[in-house]
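# A structural walkthrough
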Amino acid sequence: QEIESLKTAIEITDYGFTQILPEIKEGVSEKYIAAKISYLFKTNGAEGDSYESIIASGPRSALPHARATDKEFQKGDFIVMDFGALYNGYHADMTRTVLIGPATSKHHEIYDIVLESQLNGINTAKADIECLEVDKACRTIIQDKGYGEFFNHSTGHGIGLEVHTLPRIHKTNKEILKTNHVITIEPGIYLPNWGGVRIEDDCLIMPDHCLPLNQSTKELIII
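The text that follows walks through the structure, step by step, so that each part is easy to find. Nothing here was measured: the structure is a model prediction, and the numbers come from that model.

### Points about the nonpolar core
L177, I185 and I189 are the most contacted members of the largest nonpolar core, which has 29 residues in total. When contributions to this core are tallied by element, the ones reaching two or more residues are α3 (105-124), α4 (131-144), β9 (182-185), β10 (188-191) and β12 (201-205). The leading source of residues in this core is α3, at 6 residues. Setting aside residues no more than four positions away along its own chain, L177 makes contact with A125, K126, A127, D128, I129, C131, V134, P167, I169, I183 and I205. Core analysis: the second largest hydrophobic core is formed by 21 residues, I20, I33, A68 and M81 among them.

### Quick notes on the packing of helix α1 (residues 2-20) against helix α2 (residues 30-42)
How two helices sit against one another is set out by the angle between their axes and by the gap between those axes. Between α1 and α2, the least distance of the axes is 9 Å, while the angle of their chain directions is 130°. When the axis of α1 is compared with that of α2, the two are oblique. Crossing geometry of α1 relative to α2 is assigned as right-handed. Taking contact as the criterion, the partners of I12, T13, G16, Q19 and I20 in α1 are, on α2, I33, K36, I37, L40 and F41.

Parameters at a glance
Residues numbered from 1 in each chain as written. Predicted model: local features only at pLDDT ≥ 70, side-chain atom pairs only at ≥ 80, totals over all residues. Heavy atoms only, no water. Core = buried A, V, L, I, M, F, W, Y, C linked by side-chain atoms within 4.5 Å. Buried < 20%, exposed > 50% of the residue type's maximum accessible area, 1.4 Å probe, protein only. Helix = DSSP H or I, 4+ residues; strand = E, 2+ residues; numbered from the N terminus. Contact = heavy atoms within 4.5 Å. Axes fitted to C-alpha atoms, helices over the stretch in contact; angles between N-to-C directions. Parallel < 35°, antiparallel > 145°, perpendicular 65-115°, else oblique. Left-handed = near helix turned anticlockwise from the far one by under 90°.

So, in structure tokens, the structure goes:
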């Protein structure tokens, strides 16, 4: 029942993402998108936001926990969008990063590294391994590409009745993942005064693999 409630929260979150994309364009503010996401959640079966949405664009996207401001989107802005719906007391937590075009080779480089890192974490996670192994799977990709110092937070956390709960997916945590844990996997690269990318899914731990519950595309969306 708990997992089904989480899945519904995640489905509403995915739907909100598809509905908000047409609203994202040059000149629109971070606060407007955050407010519209809240509206979409509440009008599509959620109790509201799982937490205050992070909508951070341009250089502000290099701040992992930035809150929405009156800043308007500009050409060349990465927009980190970290949001989730609350359903039946259970919290979804998803991040997607989109780009106001045109895209440069650096935009593609940073995005592709983070996506490769996240997918490697998903391919590694399963029951009966240490949490630090998932962090290592993500972190090694980013370090090998020369951006290790710019991945300056842990790789994920458990979710459920709280948006941040155990287990922590951290580089020193030897706690063992168990079947039916639901965790986030959310590596990122944050380049000061330029911008950042984070990609995050809510993942159900299975005996021999990890099942991402989010269905939203992870291809780079260029607007």
